[in-house]
Amino acid sequence: MSYGKHLAFNRDGRIGVITLDNAKGFNLVGSDFLKELEEIQKEITADGDLGAIVINAKGDNFSAGIDLKFLKEVSSEFIMANLVWLQNLYSFWQDLPIPVIAAINGLCYGSATELILGCDIRIAADDAKFSIPEVRFGLAPDMGGTTRLTHLVGIGQAKRLILGCEAIDAEEALRIGLVEILVKKEDLNQRAMKLAKKMAAFPPSGVRFAKKGINLANESGVQAGLLFEQSQSTFCCGTEDLREAVTAFLEKRKPVFKGR
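First things first, this report covers the structure right here in the doc. Keep in mind that this is a model prediction, so the values were computed, not measured.

**Topic: helix 1 (residues 31-46)**
Residue pairs three or four apart in sequence face the same way in an α-helix, which turns once every 3.6 residues.
Right, on to step 1. Compared with an ideal rise of 1.5 Å per residue, which puts 16 residues at 22 Å, helix 1 spans 23 Å between its outermost C-alpha atoms and is within 8% of the ideal.
Right, on to step 2. Restricting attention to buried positions, one finds in helix 1 the residues Phe-33, Leu-34, Glu-36, Leu-37, Ile-40, Gln-41 and Ile-44. All buried residues of helix 1 fall inside an arc of 160° around its axis, so they share one side. Relative to its buried face, helix 1 has exposed residues pointing more than 90 degrees away, namely Thr-45 and Ala-46.

Encoded structure:
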């Protein structure tokens, strides 16, 4: 278990849980937040036994977004030197081979919205509110917002949210595809953990190749996606886990997977 001033990280079985842990400060994203996030990501990378990640928040709000004090201090020179690093912090979730679930309550604004866009599945509490208001402050989203939001909700909705700086509630977020699941606030973390544990119990190769294949399909043509499916299927059909999954199903017992 690791703690910082802004984030906490612990394990629940094979689930890694990252908690935004500065509720009094609205879980704002600043330099210390981002450095702590990087350290947690290093810990996740070094742990080969994790089966899924859940990102949630302590308090009434997921995050009110970027700390304006941090934004006021940045310069073009700082961005030139650091933006690739900053973008990689949020791309990490998409590139990670295991599923990443965001459990969102209350405010989820700006940089926090960009954070959840990099996750695989977003579960919203019924009190969640989303906004990506960077244009209001004289810049465009720069940590995946214009790119991933467009892929997720389509060009028209992305323009409405980004150019109009409109805030939407959880029901509208579900309707346009910004989130995949909507639950009551009191059920949020339980639903996220239930889904994470379900995914973590599946054969690792199946989960990892499925995630990679879906990501590839979202960014490439049909033929490239089909070629990847051919390659992953050739590998997976030679694994012990596939044989164990089929045998356990036929024998009506719980499978034991070894990741090979």
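Further notes follow.
**With respect to helix 5 (residues 145-153)**
Right, on to step 1. When helix 5 is considered as a whole, its buried residues turn out to be Gly-145, Arg-148, Leu-149 and Val-153. Looking straight down helix 5, one finds that the buried residues subtend no more than 110° of arc, so they occupy a single side.
Right, on to step 2. Against helix 3 (76-95), helix 4 (111-117), helix 6 (155-164) and helix 7 (170-176) lie the buried residues of helix 5.
Right, on to step 3. One or two steps after helix 5, the chain reaches Gly-154, where phi turns positive at roughly 95°.

**Structural notes on the nonpolar core**
Right, on to step 1. Counting residues in each nonpolar core, the largest one holds 48 residues, and the members touching the most others are Ile-44, Ile-53, Phe-62, Trp-93, Phe-130 and Leu-178.
Right, on to step 2. It is helix 3 that provides the largest number of residues to this core, a total of six residues.
Right, on to step 3. Contact partners of Leu-178, with chain neighbours within four places excluded, come to Leu-117, Arg-122, Phe-130, Leu-149, Leu-152, Val-153, Ile-168 and Ala-173.
Right, on to step 4. Within the second largest apolar cluster, 18 residues are counted, among which are Ile-101, Ile-123, Leu-188 and Met-199.

**What about a nonpolar patch on the surface?**
Right, on to step 1. On the surface, a cluster of nonpolar side chains totalling about 430 Å² of accessible area is made up of Leu-242, Val-246, Phe-249 and Leu-250.
Right, on to step 2. Note on placement: Leu-250 falls in helix 11 (residues 240-251).

**So, the sheet that holds strand 9 (residues 168-169)**
Right, on to step 1. Pairing within the open sheet is mixed, and its three strands lie in the order 6-8-9. At either margin of the open sheet sits one strand with a lone partner, and together these are strand 6 (107-109) and strand 9.

**Focus: the packing of helix 9 (residues 204-219) against helix 10 (residues 222-236)**
Right, on to step 1. Across the interface, helix 9 lies against helix 10 with an axial gap of 10 Å and an inter-helix angle of 170°. With respect to their mutual orientation, helix 9 and helix 10 come out roughly antiparallel. Within the contact between the two elements, helix 9 uses Ser-205, Phe-209, Lys-212, Gly-213 and Leu-216 and helix 10 uses Ala-224, Gly-225, Phe-228, Gln-232, Phe-235 and Cys-236.
Right, on to step 2. Split by residue class, the contact of helix 9 with helix 10 holds six nonpolar, four polar and one charged.

**Some points on the pattern of salt bridges**
Right, on to step 1. One pass over the structure, following the stated rule, counts 13 salt bridges.
Right, on to step 2. Across the pair Glu-172 and Arg-160 runs a salt bridge whose closest N-O atoms are separated by 2.6 Å. Placement of Glu-172 in helix 7 and of Arg-160 in helix 6 is noted, with a sequence separation of 12 residues between them.
Right, on to step 3. It is possible to trace a salt-bridge network through shared partners that takes in Arg-11, Arg-14, Asp-47 and Asp-49.

The rules behind the values
Residues numbered from 1 in each chain as written. Predicted model: local features only at pLDDT ≥ 70, side-chain atom pairs only at ≥ 80, totals over all residues. Heavy atoms only, no water. Helix = DSSP H or I, 4+ residues; strand = E, 2+ residues; numbered from the N terminus. Expected span 1.5 Å × (residues − 1). Buried < 20%, exposed > 50% of the residue type's maximum accessible area, 1.4 Å probe, protein only. Arc of directions from axis to C-beta. Contact = heavy atoms within 4.5 Å. Core = buried A, V, L, I, M, F, W, Y, C linked by side-chain atoms within 4.5 Å. Patch = residues over 30% accessible without salt bridge, like charges linked within 9 Å, V, L, I, M, F, W, Y side chains within 5 Å. Areas by Shrake-Rupley, 256 points an atom, 1.4 Å probe, with all protein chains shown as cover. Salt bridge = Lys/Arg side-chain N within 4 Å of Asp/Glu carboxyl O. Pairing = 2+ DSSP bridges. Axes fitted to C-alpha atoms, helices over the stretch in contact; angles between N-to-C directions. Parallel < 35°, antiparallel > 145°, perpendicular 65-115°, else oblique. Nonpolar A, V, L, I, M, F, W, Y, C, P; charged D, E, K, R; others polar.

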